[in-house]
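Residues per chain are reported as follows:
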Amino acid sequence: MINVLPIATTVLAALLSIEPLHPDSYALLTPAFTLMATYHWTIYRPDFLPAPSLFLIGTLQDLLSGGLPGETAVTLLLARAIVLPRRNYLVAQPFPFIWAGFTLLTGGAMLFSWALHSLLAEELLDLRGPVLRTVLTISAFPIASFLLGRSQRALIGAD
Amino acid sequence: MRISPARRAAIERMSVTLLVVVSAAMIIAGKADQVAFQYLRNSVMDTAAPALDMLSRPAAAFDAAADRLRGFITVYRDNVRLAEENERLLGWQQVAMRLSAENAELRDLAKLVPDPAISFVTARAIGDSGGAYARNVIVNAGRDNGVARGQAAMTGVGLVGRVAEVGSRAARILLITDLNSRVPVVVDGTRQRAILAGDNSARPSLRYVDSGGTIRIGDRIATSGQGGVFPPGLPVGVVASVDSEGARVEPYAALSRVDYLRLVDYGLAESLPNPLAISARAGKRAESAVGGPPTLRR
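Conventions we followed
- Residues numbered from 1 in each chain as written.
- Chains lettered and ligands numbered in written order.
- Predicted model: local features only at pLDDT ≥ 70, side-chain atom pairs only at ≥ 80, totals over all residues.
- Heavy atoms only, no water.
- Pairing = 2+ DSSP bridges.
- Helix = DSSP H or I, 4+ residues; strand = E, 2+ residues; numbered from the N terminus.
- Axes fitted to C-alpha atoms, helices over the stretch in contact; angles between N-to-C directions.
- Contact = heavy atoms within 4.5 Å.
- Buried < 20%, exposed > 50% of the residue type's maximum accessible area, 1.4 Å probe, protein only.
- Buried area = accessible area lost by both parts, 1.4 Å probe.
- Salt bridge = Lys/Arg side-chain N within 4 Å of Asp/Glu carboxyl O.
- Nonpolar A, V, L, I, M, F, W, Y, C, P; charged D, E, K, R; others polar.
- Parallel < 35°, antiparallel > 145°, perpendicular 65-115°, else oblique.
- Left-handed = near helix turned anticlockwise from the far one by under 90°.
- Phe/Tyr/Trp six-rings, centres within 6.5 Å; stacked < 30°, edge-to-face > 60°.
- Lys NZ or Arg CZ within 6 Å of the ring centre and 35° of its normal.

Remarks on the sheet that holds strand β3 (residues 152-154) of chain B
Residue and element names in this part refer to chain B.
Reasoning step 1: Within the closed barrel, the six strands sit side by side as β1-β2-β5-β4-β3-β12. Their pairing is antiparallel. With direction set aside, neighbouring strand axes in the sheet form an average angle of 45 degrees.
Reasoning step 2: As defined by bridge partners, strand β1 (residues 119-128) adjoins strand β2 (residues 136-139) across three bridges and the pair is classed as antiparallel. Bridging across to β2, G127 finds its partner in I138.
Reasoning step 3: Against the sheet, helix α2 (residues 35-110) contacts β1, β2, β4 (159-166) and β5 (171-175), and its axis sits at roughly 80 degrees relative to β1.

A word on the environment of I215 of chain B
All names here are of chain B.
Reasoning step 1: For I215, the location among the structural elements is in the loop between β8 (205-207) and β9 (220-223).
Reasoning step 2: For I215, a relative accessible area of 14% puts it in the buried group.
Reasoning step 3: When the C-alpha atoms of I215 and V239 are compared, they prove to be 7.9 Å apart, with 24 residues separating the residues in sequence.
Reasoning step 4: When near neighbours in sequence (up to four residues on either side) are disregarded, I215 contacts V187, Q192, L206, V209, V239, V242 and A247.

Here's the deal with the interface of chain B and chain A
Reasoning step 1: Counting residues at the interface gives 46 residues for chain B and 47 residues for chain A.
Reasoning step 2: Buried area between chain B and chain A, summed over both chains or domains, comes out near 3,900 Å², and the portion from carbon and sulfur atoms is 68%.
Reasoning step 3: Area buried by chain B at its contact with chain A is led by I27, D128 and Y133 of chain B, which between them contribute 18% of it.
Reasoning step 4: Linking chain B to chain A there are one salt bridge.
Reasoning step 5: Two residues, R80 of chain A and E12 of chain B, come together in a salt bridge whose shortest N-O distance is 2.7 Å.
Reasoning step 6: For the side of chain B that touches chain A, the elements supplying multiple residues, two or more each, are α1 (5-32), α2, β1, β2 and α3 (280-288) of chain B.
Reasoning step 7: Taken together, the residues that form the side of chain B that touches chain A break down as 24 nonpolar, 11 polar and 11 charged.

Description of the packing of helix α3 (residues 33-44) of chain A against helix α7 (residues 95-121) of chain A
Residue and element names in this part refer to chain A.
Reasoning step 1: α7 packs onto α3 with a crossing angle of 130 degrees between their chain directions and a minimal axis gap of 11 Å. The angle between the axes of α3 and α7 places the two elements in the oblique class. With respect to the hand of their crossing, α3 and α7 are arranged in right-handed fashion. Across the interface between the two elements, L35, M36, Y39, I43 and Y44 of α3 pack against I98, G101, F102, L105, T106 and A109 of α7.
Reasoning step 2: Residue composition of the contact of α3 with α7, by class: nine nonpolar, two polar and no charged.

Describing the pairing of β1 of chain B
All names here are of chain B.
Reasoning step 1: In terms of burial, β1 is a largely internal element, seven of the 10 residues being buried.
Reasoning step 2: Relative to strand β12 (residues 260-265), β1 runs antiparallel, the two sharing six bridges. Residue pairing for β12: F120 is matched across the bridge by V264.

A word on the packing of aromatic side chains
The relative placement of two aromatic rings is captured by the distance of their centres and the angle of their planes.
Reasoning step 1: For the structure shown, the criterion picks out five aromatic pairs over all chains.
Reasoning step 2: Here the aromatic rings of Y39 of chain A and F141 of chain A are separated by 5.6 Å at their centres, their planes lie at 70 degrees, and the arrangement is edge-to-face. In this pair, Y39 of chain A sits in helix α3 while F141 of chain A sits in helix α8 (residues 128-155), placing the two residues 102 residues apart along the sequence.
Reasoning step 3: Classification of Y39 of chain A by relative accessible area gives buried; the value is 3%.
Reasoning step 4: Here F95 of chain A and F141 of chain A contribute two aromatic rings whose centre-to-centre distance is 6.0 Å and whose plane-to-plane angle is 10 degrees, an arrangement assigned as stacked. Remark: F141 of chain A occurs in helix α8 and F95 of chain A occurs in helix α7; sequence separation between them is 46 residues.
Reasoning step 5: For F95 of chain A, a relative accessible area of 31% gives the class partly exposed.
Reasoning step 6: An aromatic cluster is defined as three or more aromatic residues linked by ring pairs; in this entry it consists of Y39, F95, W99, F102 and F141 of chain A.
Reasoning step 7: A cation over an aromatic ring shows up here: R262 of chain B above the ring of F120 of chain B, its NZ or CZ 5.4 Å from the ring centre.

Quick word on the sheet that holds β8 of chain B
Whenever strands of a sheet pair, they do so through backbone hydrogen bonds, lying parallel or antiparallel.
Residue and element names in this part refer to chain B.
Reasoning step 1: Taken in spatial order, the six strands close into a barrel running β6-β7-β8-β11-β10-β9, and their pairing is antiparallel. Across the sheet, the mean angle from the axis of one strand to that of its neighbour is 45 degrees, orientation sign disregarded.
Reasoning step 2: Pairing geometry for strand β6 (residues 182-187) and β9, over three bridges, is antiparallel. Its bridge partner being in β9, V185 is matched across the sheet by T223.

In short, shape yes, function no, at least from these values alone.
Written out as structure tokens, the structure reads:
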């Protein structure tokens, strides 16, 4: 039986990212929860979070957030394409290495979406918001990774 | 059947490539013609509304608990302040009643056609665009509750945005800070008109200001009613900064913390183009066409 935990947690991450939680100007600063879940599961259980599910979840998030349809899907799929060939290496590494990998990935994702939006708006958009969001995403990753790892051990078992 | 690792890798590569191409096509299609996605967006919004509503409850409860705790601590000071304020407002109430009576009399004298009656729906924010490139809010009221496109979204203190998309039980509000938002405004007390343009920052900017006047920090900004989306005179914000690039407006409503919204039907709009359907490029074209009465593209 295919375990649904990775898909369920990633869908939850997509819903959480559009929740109006209210530390001031939260919307601007919502961490990229979906990217965290994608990175985690692509390293530890990529078989339970296949590419089509990433496409659907990314599209769901874009349609709900009123953003560009397809943007999150592209980001998540590219993240998978980048991480998957390196997972055999990453899976054996201690957490700081995993975190460093996530930092690189998130930085890349931020530049990608900033370039995309700047291109479509035909002007260079302000980078402060995206940078702040990226920093928040990177700082929040250990918590997300801990929670996902716990649920994984409880429900699936290591690969 | 076992699939060999090489075969599996090939399938993986092909499916990821295919899906990336499909997503890229969606981005382009979505930019060129957003109406195509509107139906999809509305149905996803409607379907997810109960889940979003449920998820937003713990957060709302937490907020309420924090507010309550703060309330306990400041209750004495608040009481003194409110008593003073009440005293002052009672004075204003007298003034308002007198003015209202006088106004009615003058309208009667002038045989003025009365404004159409307004009605409103109060809704709770259950979703919020999470990204850095859009500013909108999903509320838990839709067509079934009498929400319609083009209605003004207000908090008690000022304009927040307008209803951009309506599902049967949820609606999306485009905030005045969104990149696609353009609101014709007027500087209160003068006849100086401008367009309030959002750029995803907390303070939208004033563009196409009528020449011949100056805008100062502290000037109050209200809707001008041009273009027919909003009625004239809705409070929007105050000018917070003026520099060589133009003026920026601090909205009265705390847009980073929208809980409850009033969606007000002034009997206008409904026949508007969908604001999200207007690409950034089309938006620019519309702006450059603004010369006489502004073409309202919200």
